[in-house]
Amino acid sequence: MENYKELFATPKDLMWKEEVARGTQLLNKWGLSQSGESGDCSVRDLETGYMYISGSPDWCFQKNLRDARGWERWVTNAAGEDLVPWSTPTIEWPMHVAIYNAIPEAGAICHTHGVWASVFAALRMDVPLEKAGEGLTGVIPCSDYRPAGSPDVGEVVAATMLEGYDWALMGNHGAVTYGATLDEAFQKAMLMEHLCEKVYFQLLAEKHLDKLFK
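Presented here is a report on the structure given in the accompanying data block. (Residues numbered from 1 in each chain as written. Predicted model: local features only at pLDDT ≥ 70, side-chain atom pairs only at ≥ 80, totals over all residues. Heavy atoms only, no water.)

1. A few points about the overall build of the protein
(1) Moving on: For the protein, the helix and strand inventory stands at 5 helices and 11 strands.
(2) Moving on: Along the first, second and third principal axes, the C-alpha set of the protein runs to 75 × 30 × 30 Å.
(3) Moving on: When the 214 residues of the protein are sorted by exposure, 49% land in the buried category.
(4) Moving on: The contacts in the protein between residues at least 6 apart in sequence include a share of 65% that link residues at least 24 apart.
(5) Moving on: Total accessible area on the protein stands at roughly 10400 Å², and carbon and sulfur atoms take up 55% of it.
(6) Moving on: Where the 18 positive side-chain charges of the protein centre and where its 30 negative ones centre are 7 Å apart. (Helix = DSSP H or I, 4+ residues; strand = E, 2+ residues; numbered from the N terminus. Buried < 20%, exposed > 50% of the residue type's maximum accessible area, 1.4 Å probe, protein only. Contact = heavy atoms within 4.5 Å. Areas by Shrake-Rupley, 256 points an atom, 1.4 Å probe, with all protein chains shown as cover. Lys, Arg positive; Asp, Glu negative; His and termini not counted. Charge placed at Lys NZ, Arg CZ, Asp CG, Glu CD.)

Structure, rendered in structure tokens:
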């Protein structure tokens, strides 16, 4: 491999790294990782195929996502090679690679631990969108459970998304969205939180109203 110290330091590379750092911080700022210690995001350069993913060096591990800095981002390719050995990626990096490899148009991925999406993920339940009103139909699908960080997580989430979804819950874990850009992926993640909250209370209200009027 070429001298890695000279790699991924062009203005374009730095732009991608800074974009992922911005997204990593937003996970906590927007309430999609309330602890500030979970979740991750990535972007892909569709021209080169390089994937820039949340990560940090072991010697200055980020306890809080708000501390994310661009130079720390991890970089890989479709084969999952470690292209920046000074950075340690999020344990969910295989999921990012699996989704990108399965969905050619995906330019960014957001993996969240928002409260309402996590409730349905813990229940391992699809979210029935007709319960949210707004003329919506279908579901936010929930993929099968796999241990966090295992290669199987990426496989089951990617398989779920290939059924025609750009968002999915991760069984007993969190949620994932993808978009052409990181902002688009985040908008979908925020919408998912909004819809999951509405559906939760709708299902709760239906249960108690049925008892009240029987």
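On we go from here.
2. Some remarks on the environment of G31
(1) Moving on: Along the polypeptide, G31 turns up in the loop between α1 (11-29) and β1 (40-44).
(2) Moving on: Between the C-alpha atom of G31 and that of M190, which follows or precedes it by 159 residues, the distance is 9.0 Å.

3. Here's the deal with the pattern of salt bridges
(1) Moving on: Within this structure, the stated rule accounts for 9 salt bridges.
(2) Moving on: Among the salt bridges present, the one from R73 reaches E72, with a minimum N-O distance of 3.2 Å. For the pair R73 and E72, a shared accessibility class is recorded, and that class is buried.
(3) Moving on: For K188, the salt bridge is made with E184, and the minimal N-O distance between the two is 3.1 Å. Highlighted residues: K188 and E184, both in helix α5 (residues 182-212), separated by 4 residues, approximately one helical turn. (Salt bridge = Lys/Arg side-chain N within 4 Å of Asp/Glu carboxyl O.)

4. Quick word on the side chain of E72
(1) Moving on: Within the element layout of this structure, E72 appears in the loop between β3 (55-56) and β4 (74-76).
(2) Moving on: Judged by relative accessible area, E72 falls into the buried class, the value being 0%.
(3) Moving on: A distance of 3.2 Å separates a polar atom in the side chain of E72 from a polar atom in the side chain of R73. (Polar contact = N/O pair within 3.5 Å; in protein donor to acceptor, adjacent residues only side chain to side chain.)

5. Some points on helix α3 (residues 115-123)
(1) Moving on: Among the residues of α3, those classed as buried are A117, S118, F120 and A121. When α3 is viewed along its axis, its buried side chains cluster within an angular range of 165° and face the same direction. (Arc of directions from axis to C-beta.)

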